[in-house]
Amino acid sequence: MTGLVEQQSVSTADRSSQSVQILVVDDHPVVRQGLQFAVNRHADLEICGEASGEDEAIQKFRELSPEFVVVDVSLDNGTGLDLIKELIAIRPDIKILVWSMHEESLYAERAVRAGARGYLNKAEAIDKVVLAIRSILDGKFFLSQETVDRMLCRTVGVPIGEDREPLETLSDRELEVFEEIGHGVTTRQIAAKLCLSPKTVETYRENIKTKLNLANATELTRSAVQWVLENS
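Residues numbered from 1 in each chain as written. Predicted model: local features only at pLDDT ≥ 70, side-chain atom pairs only at ≥ 80, totals over all residues. Heavy atoms only, no water.

Points about the overall build of the protein chain
Formally: To qualify as a helix, a DSSP run of H or I must reach at least 4 residues; to qualify as a strand, a run of E must reach at least 2; elements of each kind are numbered from the N terminus. Only protein chains enter the accessibility calculation, which uses a 1.4 Å probe; a residue is then buried when its area is under 20% of its type maximum, exposed when over 50%, and partly exposed in between. Contact criterion: two residues are considered in contact whenever any of their non-hydrogen atoms come within 4.5 Å of each other. To measure how exposed things are, a 1.4 Å probe is used in the Shrake-Rupley method; for residues, cover is taken only from the protein chains shown.
Helix and strand counts for the protein chain stand at 11 helices and 5 strands. Here the protein chain holds 232 residues, and the buried ones make up 47% of them. Taking as baseline every contact in the protein chain between residues at least 6 positions apart, the subset at least 24 positions apart corresponds to 66%. Counting only carbon and sulfur atoms, one obtains 50% of the accessible surface of the protein chain, whose full area is about 11,700 Å².

Topic: helix α5 (residues 104-114)
Taking burial as the measure, the 11 residues of α5 include 9 buried ones, the bulk of the element. For α5, the full list of buried residues reads E104, L106, Y107, A108, E109, R110, A111, V112 and A114. Looking at the buried positions of α5, the neighbouring elements they touch are α4 (80-90), β4 (95-100), β5 (118-121), α7 (145-156), α8 (172-182) and α11 (217-230).

Quick notes on the layout of surface pockets
Applicable threshold: Site definitions follow a grid-based scheme: protein atoms alone, a 1 Å grid, a 1.4 Å probe that fits but cannot get out for cavities, and for pockets an open set with protein on both sides within 12 Å along at least five of seven lines, plus lining residues having an atom within 4 Å of a point. Grid points are joined across faces, edges and corners, and a volume is the space filled by probe spheres set on the points. Residue polarity follows a fixed list, in which Ala, Val, Leu, Ile, Met, Phe, Trp, Tyr, Cys and Pro are nonpolar, Asp, Glu, Lys and Arg are charged, and the others, Gly among them, are polar.
Roughly 410 Å³ of volume is contained in the largest pocket. D27, S74, H102, E179 and H183 are, among the 25 residues lining the largest pocket, the residues nearest its centre. Sorting the residues of the lining of the largest pocket by element identifies α8 and α11 as the ones contributing at least two each. Sort the elements by how many residues they give to the lining of the largest pocket and α8 lands first, with 3 residues. Of the residues in the lining of the largest pocket, the class split is 8 nonpolar, 9 polar and 8 charged.

Here we look at empty space enclosed by the protein
Applying the stated criterion to the full structure yields 1 cavity of 30 Å³ or more. In this structure, the largest cavity spans a volume of roughly 30 Å³. Together, E104, S105, E109, T147, R150 and R154 line the largest cavity. Mapped by element, the contributors of at least two residues to the lining of the largest cavity are α5 and α7.

A few points about helix α3 (residues 54-64)
Stated formally: Comment: arc refers to directions from the helix axis out to C-beta atoms.
All of the buried residues in α3 are E54, A57, I58 and F61. The arc enclosing the buried residues of α3, seen along the axis, measures out at 100°, which places them on a common side. Residues of α3 that are exposed and angled more than 90 degrees away from the buried face: D55 and E63. Looking one or two places after α3, you find S65, whose phi comes out positive at around 50°.

Some thoughts on unusual backbone geometry
One non-glycine residue, S65, adopts positive backbone phi at about 50°. For N213, which is not glycine, the phi dihedral falls at a positive 55°. Judged by relative accessible area, N213 falls into the exposed class, the value being 70%.

A closer look at the packing of aromatic side chains
Let me state the cut-off plainly: Any Phe, Tyr or Trp ring, taking Trp's six-membered ring, that has another such ring centre within 6.5 Å forms a pair; planes under 30 degrees apart are called stacked, those over 60 apart edge-to-face, and the others tilted.
For the structure on display, the rule yields 1 aromatic pair. Aromatic side chains F178 and W227 sit 5.7 Å apart centroid to centroid with 50° between the ring planes, which places their arrangement in the tilted category. Note that F178 is positioned in helix α8 and W227 in helix α11, a separation of 49 residues in sequence. Under the relative-accessibility criterion, W227 is labelled buried at 7%.

Here you go:
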């Protein structure tokens, strides 16, 4: 790819001393392996560690002190958005890219508000992750033009030209609960995963039903399952 550093033969010791250290947080081992293969072909970039969930990621982050983090929205425990906030609280200058299958229109702005510097959909070619990493390391944001336009319009109060999707009205936590419902997770399981009380999860469920104009729990479950199927 134009502008990218070509593969070089370097020893592990030399590589670590000159490479940007990257932590990958994703709940799918195959995805982590694929990204490691793509990134480690570049002598100035190196995957220094992997994690599948929020707790493990924070531990690895403290141990390895990476310069960059690539994170998915959905994790084994916790969520990508919560993890971003935690990492920013630990080290405000950390560079973070969200790489996910979730809709950019629904999650990119939330990710940036949390502290990420870019958002890339996994439907894109994996080499584009390297392009995104380099762009963010250069001090830029990596977002689609559509997302940038939407964010600017909201900032200055200019109509976006279309009505907001109902899901966009959900808070970050409500959206997380909605996704878990779509995966068939029970209220108690959601509470345990998100470190909430079951009563709080029930409150989120009621808020979601109201915002999405859903009459009952059956409609909520059906809507959540359909959304997860369409976005998996």
